[in-house]
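# Descriptive analysis of the structure
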Amino acid sequence: VAVFEIDQVHTLNMKVETLQRASIECGWITYIPVDFSNESWDSKLLEAGFERSKRTLFLWQSVSLYLEPETVRATLLSMGNLCAEGSIIAQDFYSQSMVDCDYSKAAKKFKGIIEKMGEPWKFGLDMSDDPRGVVESYLNEVGLQMTEYIQFGEKRGLEAFYCIVEAEKLSMSDSSYA
């Protein structure tokens, strides 16, 4: 199994250093530094030996929140274009109310800390009405079909603020995405 880790150079370095300090072998992972806003992550992935013909699991968690909406859309479109049949994209989404800090005082405090670290929140989906439908529709727009949906707090009746989804590439006959 080939494993590729794509992230900002500072974050990748921190991950590798942490693994090394814990004496966890990580030489089998191909690390690819990228700035999602300014670089072609998919080109770097292909240059590093990624094989488009193999089924893939893209795990894209805790990234989209920090990107501009156009970058999130382009990245998901690229993932779909790189996928072989049977590939899976696992992704999380935050609500716009969380991004705007309308969700809670704790979210506002946390956002302030993160922004001081140079990571402002930029992307969220309006989950105020039918969050599952909103997420499913967004994924369809980028050529993906939602196969799993987990909304945090849903069982307790909390306002939608975060979800994790699993999606697969739509076949060309199933969609008319851009």
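Throughout what follows, the structure given in this document is the object of discussion. (Residues numbered from 1 in each chain as written. Predicted model: local features only at pLDDT ≥ 70, side-chain atom pairs only at ≥ 80, totals over all residues. Heavy atoms only, no water.)

## Some details on the nonpolar core
Inclusion rule: The term nonpolar core refers to a set of buried residues drawn from Ala, Val, Leu, Ile, Met, Phe, Trp, Tyr and Cys, joined through side-chain atoms within 4.5 Å. When a residue's accessible area, from a 1.4 Å probe over protein chains only, is under 20% of the maximum for its type it is buried; when over 50% it is exposed; and in between it is partly exposed. The helix and strand labels rest on DSSP assignments: H or I over at least four residues marks a helix, E over at least two residues marks a strand, and numbering proceeds from the N terminus.
Judged by nonpolar contacts, the single largest core of 33 residues is most densely connected at Trp-41, Phe-58, Leu-76, Phe-93 and Val-135. Mapped by element, the contributors of at least two residues to this core are helix H2 (41-47), strand E3 (57-60), helix H3 (69-82), strand E4 (88-94), helix H6 (131-141), strand E5 (144-151) and strand E6 (162-169). The dominant element in this core, judged by the number of residues it contributes, is H3, at 5 residues. One finds Tyr-94, Met-98, Val-99 and Cys-101 within the second-largest nonpolar core, a separate group that totals 10 residues.

## Quick look at the pairing of strand E2 (residues 29-33)
Here is the rule we go by: If DSSP finds at least two bridges between two strands, the strands pair. Note on handedness: a clockwise path from strand one over the helix to strand two, with the strands aimed away from the viewer, defines a right-handed crossover.
Bridge analysis of strand E1 (residues 3-7) against E2 gives 5 bridges, and the strand direction is parallel. In the strand pairing of E2, Val-3 is matched with Ile-29. Of the crossover connections in this fold, the one passing from E1 over helix H1 (residues 9-21) to the parallel E2 is right-handed.

## Structural notes on helix H5 (residues 105-116)
Heads up, the condition is: To estimate the expected span of a helix, count its residues, drop one, and scale the result by 1.5 Å. In this description, contact between two residues means that some pair of their heavy atoms is separated by no more than 4.5 Å.
Helix length check: H5 (12 residues) gives 17 Å between terminal C-alpha atoms against 16 Å at 1.5 Å per residue, within 8%. Its buried side turned inward, H5 meets helix H4 (96-99). At the C-terminal side of H5, Gly-118 shows a positive phi close to 85 degrees.

## Some remarks on H3
Helix length check: H3, at 14 residues, gives a terminal C-alpha distance of 20 Å against a target of 20 Å (1.5 Å per residue), a fit within 8%. Considered for burial, the residues of H3 that qualify are Thr-71, Val-72, Thr-75, Leu-76, Leu-77, Ser-78, Met-79, Gly-80 and Leu-82. Where H3 is buried, its residues touch H2, E3, E4, H6, E5 and E6.

## Some thoughts on the packing of aromatic side chains
Heads up, the rule is: In this analysis, rings of Phe, Tyr and Trp, with Trp reduced to its six-membered ring, are considered paired at centre separations within 6.5 Å, and the interplanar angle assigns stacked below 30 degrees, edge-to-face beyond 60, and tilted for intermediate values.
In the structure shown here, the tally under the stated rule is 9 aromatic pairs. Relative to Phe-58, the ring of Phe-50 has its centre 6.1 Å away and its plane inclined at 40 degrees; by these criteria the two rings are tilted. In this structure Phe-58 comes out as buried when scored by relative accessible area, which is 10%. Consider the rings of Phe-152 and Tyr-162, whose centres lie 4.8 Å apart with planes at 70 degrees: the pair is edge-to-face. With Phe-152 in the loop between E5 and E6 and Tyr-162 in strand E6, this pair connects stretches of sequence that are 10 residues apart.

## Comments concerning the side chain of Ser-87
Heads up, the rule is: N or O atoms within 3.5 Å of each other form a polar contact, as long as, within protein, one can give a hydrogen and the other can take it, and as long as residues adjacent in sequence are counted only when both atoms are side-chain atoms.
Within the secondary structure layout, Ser-87 lies in the loop between H3 and E4. Residue class for Ser-87 comes out buried when judged on its relative accessible area of 2%. A polar side-chain atom of Ser-87 sits 2.8 Å from the main-chain carbonyl oxygen of Ala-84. Those residues in contact with Ser-87 that sit more than four places away from it in its chain are Lys-54, Arg-55, Thr-56, Ala-167 and Glu-168.

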